[in-house]
Amino acid sequence: MAVAKFTSRYDTHAVERAEVLTLKLARICGLDVPKARIEMSDGLPVAIIQRFDRSDKGRIPFISAQTMLDAPTATGGTYVSLADTIRQHTASPHEEMHALFRRVGFSILVSNVDDHLKNHGFLYAGNGKWRLSPAFDVNPAPERFRELKTAIADPADPSSSIALLMDHSFCFEIDPDKAAQIVGSMAKTIQMNWRVLAHEAGMSRAEVGDYRLAFEHEEAKYAARAVAPTVVAPGLEPQAADTAKGSMQRQPRKDIAAATPQAQSDNVADGFDPSP
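Residues numbered from 1 in each chain as written. Predicted model: local features only at pLDDT ≥ 70, side-chain atom pairs only at ≥ 80, totals over all residues. Heavy atoms only, no water.

A. Fine view of the sheet that holds strand S1 (residues 2-6). If you walk across this open sheet you meet the three strands as S1-S3-S2, and the pairing is antiparallel. Here the strands that pair on one side only, and so sit at the sheet edges, are S1 and strand S2 (36-41). Across the sheet, the axes of successive neighbouring strands diverge by a mean angle of 30°, strand direction being ignored. Bridge analysis of S1 against strand S3 (residues 44-50) gives five bridges, and the strand direction is antiparallel. In the sheet register, Ala4 faces S3, and the bridge partner there is Ile48. Docked against the sheet, helix H1 (residues 15-28) engages S1, S2 and S3, running at close to 160° with respect to S2. (Pairing = 2+ DSSP bridges. Helix = DSSP H or I, 4+ residues; strand = E, 2+ residues; numbered from the N terminus. Axes fitted to C-alpha atoms, helices over the stretch in contact; angles between N-to-C directions. Contact = heavy atoms within 4.5 Å.)

Right, here's the structure in full:
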């Protein structure tokens, strides 16, 4: 079962193709994401995204992060608070917090500014515990001001900042060297693959140019200073090999100044609709 996302007459960018591109990038960066592809309908691209709230046995209970945090709105929350909730309510908190850290870093690197609490979710894992759902509604936005809808640690500071995320890596139970390795590896993997995957998704040269600043920006350059292996999408030839190992030591920035939820499905808003 899948969700079909159609082009809106208000879209000024190749939104469907960009979402499929970004989900494929996320997969090779180590994120758990649904399978996605582009189909054509009456000459227009349609993003076909596999549902993750269904199994052979039927519906899997789903709740949004807003519900998990018992937050009054989808904006104004923090990833640190979400990590604390993961520590309390998931079956494998260590792994889930690491996955959340990777997800936040990826959002920064691809200029995703639609990361509000309804665009994060949890699937019921049994025995009163939950697990992070696959990432969804990850949409690069090259023209928007780079700030997160869910702040890293302070609702008053929604900066889309790799340095700020690394400063709080301990909140996700990740040491600084490991945090540097994670963001550095993702940054280099994105640099090596995004253009090729954009063409595979059917983007024209002009559309690739429109999205360039979503993937090539100062935060990405900063993260890429970590020396880490680069992952290349299967079947793609890297432009340059980089297999050096190591980690980035933090440098001064010169370039860039819970209530227990019920086990029921929760309507997750923008792109993921858990209804039948």
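B. Broad picture of the packing of aromatic side chains. One pass over the full model with this rule turns up six aromatic pairs. With a centroid separation of 5.2 Å and 70° between ring planes, the pair formed by Tyr124 and Trp130 is classed as edge-to-face. Judged by relative accessible area, which is 28%, Tyr124 ranks as partly exposed. Among the aromatic side chains, those forming a connected cluster through ring pairs are Phe52, Phe62 and Phe136. (Phe/Tyr/Trp six-rings, centres within 6.5 Å; stacked < 30°, edge-to-face > 60°. Buried < 20%, exposed > 50% of the residue type's maximum accessible area, 1.4 Å probe, protein only.)

C. Geometry of the nonpolar core. Judged by nonpolar contacts, the single largest core of 67 residues is most densely connected at Leu25, Leu100, Phe106, Phe122, Phe172, Ile190 and Phe215. For this core, the element with the highest residue contribution is helix H6 (residues 176-200), accounting for 10 residues. Setting aside residues up to four positions removed in sequence, Phe215 forms contacts with Leu21, Thr22, Leu25, Leu109, Val110, Pro140, Ile190, Trp194 and Ala220. The next biggest cluster of nonpolar side chains, apart from the first, holds five residues, and it includes Phe52, Ile60, Leu123 and Phe136. (Core = buried A, V, L, I, M, F, W, Y, C linked by side-chain atoms within 4.5 Å.)

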